[in-house]
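An overview of the molecular structure
Residue strings, one per chain:
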Amino acid sequence: MTDATGGAKGPDELRRQIERTRTALGNTVEELAGKADVKGRARARAADLRDKAGAMTVQLRSSAAQAGHTVHDRATHAGPRPVRTVVQAGMRHPKPVLVAGAAGAVVAVGVLRWRHAHGHH
């Protein structure tokens, strides 16, 4: 407890007040250090974006594969010969199609993030 002037009532209370003050100061210093660590925050943000891009790539691959199967099925059963040839070539060599789709998605995400950061909603 404290006396009427706000001071400690003895050495034990003074030690407890000092320990509480040290703990509070330590927490404040940690918070300030975290805010001042621009490189660390940038690294964490970059890692978060990499994770999101990886998840988006998986989703795009799945969507592209599903769309490819649908288009392949439709093209093999009907449609002009040139369309079937292009679709079959895409099915034989899906990696360039997936890379192009992923690159397009990365560009789209970048444009959206840039517009959001610059207030273009």
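Because the structure is predicted, anything quoted here is derived from the model rather than measured.

Concerning the overall build of the chain
Helix and strand counts for the chain come out as four helices and zero strands. Listing each helix as α and each strand as β along the chain from the N terminus yields α-α-α-α. Across the 121 residues in the chain, those meeting the buried criterion constitute 6%. Restricting to contacts in the chain with at least 6 residues of sequence separation, those with at least 24 account for 26%.

Re the confidence of the model for the chain
When the pLDDT values of the chain are averaged, the result is 81; 83% of them are 70 or greater. Highest mean pLDDT in the chain belongs to helix H1 (residues 11-36) (91); lowest belongs to helix H3 (residues 81-92) (71).

What to know about the pattern of salt bridges
Under the defined criterion, the tally for this structure stands at five salt bridges. Notably, a salt bridge pairs arginine 16 with glutamate 13, separated by 3.2 Å at the nearest N-O pair. You can see arginine 16 and its partner glutamate 13 sitting in helix H1, three residues apart, about one turn around the helix. Assessed through its relative accessible area of 45%, arginine 16 is described here as partly exposed. Glutamate 13 is the salt-bridge partner of arginine 20, the closest N and O atoms lying 3.5 Å from each other. Looking at glutamate 13, the relative accessible area reads 8%, which means it is buried. When salt bridges that share partners are traced, they join Glu13, Arg16 and Arg20 into one network.

Here is what the cut-offs are and how they apply
- Residues numbered from 1 in each chain as written.
- Predicted model: local features only at pLDDT ≥ 70, side-chain atom pairs only at ≥ 80, totals over all residues.
- Heavy atoms only, no water.
- Helix = DSSP H or I, 4+ residues; strand = E, 2+ residues; numbered from the N terminus.
- Buried < 20%, exposed > 50% of the residue type's maximum accessible area, 1.4 Å probe, protein only.
- Contact = heavy atoms within 4.5 Å.
- pLDDT = per-residue confidence, 0-100.
- Salt bridge = Lys/Arg side-chain N within 4 Å of Asp/Glu carboxyl O.

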